[in-house]
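Chains, contacts and geometry: an overview
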Amino acid sequence: MENKLKELVQAVLPESRNKWALEWKKEKGNVVGVLTSHVPEEVIYASGMLPFGVSGSWEASTPFASIHRPSMSCRYCIHVLEAILNGELDFLNGLVSIPYDDDFKTLWYLIDYLGKPGRPYMGTFNHIMYLPHVNSETTFPMWLTSVHELKDHLQRAADRQISDDSLRKANETYNTTRTLLKKVYELRKREIPAITGAEVLGLVTASRVMPRDLFNRSLTELLPYLEDRKAPLKKAHPRVLVSSDFLDNPAYIDMIENTGCVVAMDDLDLGSRYIWNNIDTAIKDPWEAVARRYLDVTSPFMVNWKKYADQLIGWVREYRIDGVIDFRQLYSYPREYMSTYVVQRLKEAGIPYTFVRRDYHLSGVGMLTTRVEAFVEMLQGTLSNKRTSPH
Amino acid sequence: MSSLAGLPYLEFELAAAQRRVKKIKEHPDPLKAASNLLYYELEVDYRSEQIESLKSGKPFGTIYPGPFMRALGLVPWDAIRSADKSYGDKAKRYFDMIRAEGMAEHTCDRTIVMVPMVLSGDFPKPSFMLAGNYTCQPIHLAYRLIAHTLNTPTYFMERKFSAWSGSESEQELKYVVDQYQEMIEFAEKNVPGCKFNPDKLEELLYWDNEYNKYERLQWKLRATVPCPMAGRDAFREPMYPHFYANPAKCVDYMRRFTEEMEEKASKGIGSVQGEERLRLLWSPTAPYFADPFGWLAKRGVAVPAVEMGTMNRRRRGHYSAYGELWHGRKLSPFEEALRGLGDSAWGGLGHGTVQSHIETCRQLKLDGIVYFLQWGCEITNNFGTLISEVAEKELGIPTLILQGRQLDESTFEEQEFYRQLEEFVDICLDAKKKRGFRKQEHGK
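Residues numbered from 1 in each chain as written. Chains lettered and ligands numbered in written order. Predicted model: local features only at pLDDT ≥ 70, side-chain atom pairs only at ≥ 80, totals over all residues. Heavy atoms only, no water.

Let us now look at the overall build of chain A. Assigned secondary structure in chain A consists of 16 helices and eight strands. Along the first, second and third principal axes, the C-alpha atoms of chain A reach 70 × 50 × 45 Å. Residue burial in chain A is summarised as follows: out of 391 residues, 65% are buried. Taking contacts inside chain A between residues at least 6 apart in sequence as the whole, the part at least 24 apart equals 77%. A total of about 13,900 Å² of accessible surface is found on chain A, and carbon and sulfur atoms cover 52% of it. When the 48 positive and 49 negative side-chain charges of chain A are each reduced to one mean point, those points stand 2 Å apart. (Helix = DSSP H or I, 4+ residues; strand = E, 2+ residues; numbered from the N terminus. Buried < 20%, exposed > 50% of the residue type's maximum accessible area, 1.4 Å probe, protein only. Contact = heavy atoms within 4.5 Å. Areas by Shrake-Rupley, 256 points an atom, 1.4 Å probe, with all protein chains shown as cover. Lys, Arg positive; Asp, Glu negative; His and termini not counted. Charge placed at Lys NZ, Arg CZ, Asp CG, Glu CD.)

So this is what it looks like as structure tokens:
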């Protein structure tokens, strides 16, 4: 079982992440890349295509992308462009995204421009969705229209219909993934968690590159084993929460845990925020159901940062977290701006906090380790003071 | 924060504008536009209104999109324009605060400088904020941060960006209109002193449209060789009539400025020293602490236009004029004020931005593009190479890509900056010559 866990946790590594997609392509057909966790993958899945969570190139050097984009722009976007231009993503039939920020919009336009001649594999399936920043009854109808536009687009591209029933089934399959992964998150609440933070990130990202049915079966088999497991950690305290976006490399979380702490909870778009809310299958229209779920997410993209901070503070309490690491990706501005407000809220709530800027690909490990270590030592000091204090 | 926070800033700006008016009256500079006097008088009016409003407790609201905010009884809250003036030591102070607080230090300068300016009380607090995805992202992120931190009543406006190509549909216009109606109700309920006046909106639309008529006339004059508009004037961010308590005076300024341009154009007087050797497009911004336009003018290089936001589309008449039929029907004033929002290329996907550069170069007969990659300007700084490729392919003109910041001087290497400009001028002159030869040969 440990090997099975390892296989899932390592699914997102460059040497394995395309394996299932290539098999799918050979046996079943189209694979569509998904650029953010805001895209309702269920619609793609319902169309009979494989939604594939796109990682950028994990290499430090981005020679092709650097021709088009300056280094001081969203690092995930640069590494995605590199993966597109260096051929890593040649097997994709297209990409679906939302305009997460202006960097995503310009990435999108560039892909479209470059994808015209000589790259017929891109283009046909490419689609960018409009997602409102506000969840309200005024914006919802337009978002629902946007979801239907995705449906129409995929139907045209794949020349097949997406029925209500197939979407209902996809909604259930994705709910199963979220429910299973939430059980894994429950196991993080233990004094010694069943699973490390790095392993959890590996599991969630595995769900984005594997066919869902297969992932759900594998995780279902694995859960009883995890129930009895104790994570191989250097130290089980302090308990840290890592907050970030576009963080898909478990080695970053490993680096944090190696400083002598446990990442007992995360606030990641490819972690907790990816799985937190299920689709309400009681809603009769499956299109409305899926649309409501994706408009009701917490994200730096969404306008309601108060709700975001409330959720974060709630997790800190629920998972008995000692400190929060805001692990910002360089040049990703929604989080950069939002953090100033979130810090204010964390301070008011008396929650220790630090921020560290990181690249998308793993780099600067020495410098990052030093900064995280200093924070972890501070937390350890606070914990030991609490233990020895007569009060 | 005191209710009079920001008063010293406004008083400082008022005094600066008053000094400028006095200087122009006492020592008029024949090389500069005479209408500048009116421009600075408008600045005096503008700051005076803000000071009186702050003292009397009138509500302040964000400046985009202005006619609505004025019609709601809000006084323009122009923190972003004020941040533009914070270069030099002032900027250094704000960047120190940004870095110390762990704020977004690599983003667009003007938008992040605005944040500590407001949060520290150097600039007045807004009473109501209207943010939206019709602006670039750093602006609405900064607005959202200020609103969350100061607990300011805020409405976030959505547009469906798919209309960027200029094909806004009825459904998309209705989407925006519905939200504005909701926004008005929200502001009237949550902001003391807010009351929507539809007649005021109509009046402001009239004056904005009159202003736009002169913008369109000026656009034609900019195409004249030699160009009668100075690069510095082309770089100036427009102040629309709705910014002012007296919008007619603003239109009067535009009229007089346009007449001066007409006169210069009819006499063949250009804006550069000596013969106009070259005409460049500058895009989208520049270091505010330097003066590349003056430097270029001394070398006979005109900059008839700066490509920033969607202003040039407006000047070219991309949007239909007030009162014209839209999709075969007459729009209500409410719809008139909003129809351009969905169609605005700013904050869109890129097609509109790239095409606008090409169209400007074509219409104004430009010989090259200086593309200033400003740190953190996500909406423009990934298009440098693309615009360069398209401009070369479609117009045969070169592009210089420069990298730098708007307000933070710490990364500015003056010598290198001007060395690159110097080389580029030579490249453009050479390319212009070759285009001339090709034209002659083709003609033969």
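Residues and elements named next belong to chain A. Across the six residues of strand β5 (residues 239-244), six count as buried, placing the element largely inside the fold. Because side chains alternate across β5, one face comprises the buried residues Arg239, Leu241 and Ser243, and the other comprises Val240, Val242 and Ser244, equally buried. With six bridges connecting them, β5 and strand β6 (residues 262-268) associate as parallel partners. Note on β6: the bridge partner recorded for Val240 is Val263. Handedness of the crossover joining β5 and β6 through helix α11 (residues 250-257): right-handed. (Pairing = 2+ DSSP bridges. Right-handed = clockwise from strand over helix to strand, strands pointing away.)

Glancing now at the sheet that holds strand β2 (residues 50-53) of chain A. All names here are of chain A. On the basis of which strands lie adjacent, the open sheet formed by four strands has the order β2-β1-β3-β4 and parallel pairing. Strands with a single pairing partner mark the edges of an open sheet, and in this sheet they are β2 and β4 (127-128). Each of β1 (31-34) and β2 touches helix α9 (residues 197-209); the most contacted strand, β2, lies at about 140° to it. (Axes fitted to C-alpha atoms, helices over the stretch in contact; angles between N-to-C directions.)

Attention now moves to the interface of chain A and chain B. Contacts between chain A and chain B engage 46 residues on the former and 51 residues on the latter. For the pair chain A and chain B, the interface holds two salt bridges. Where Glu149 of chain A meets Lys160 of chain B, a salt bridge forms, and the shortest distance between an N and an O atom there is 2.6 Å. Counting across the interface, chain A meets chain B through 21 residue pairs in polar contact (both at pLDDT 80 or more). Every element with two or more residues in the side of chain A that touches chain B is listed here: α4 (63-68), α6 (102-114), α7 (140-158), α14 (305-318), α15 (333-348) and β8 (353-358) of chain A. (Salt bridge = Lys/Arg side-chain N within 4 Å of Asp/Glu carboxyl O. Polar contact = N/O pair within 3.5 Å; in protein donor to acceptor, adjacent residues only side chain to side chain.)

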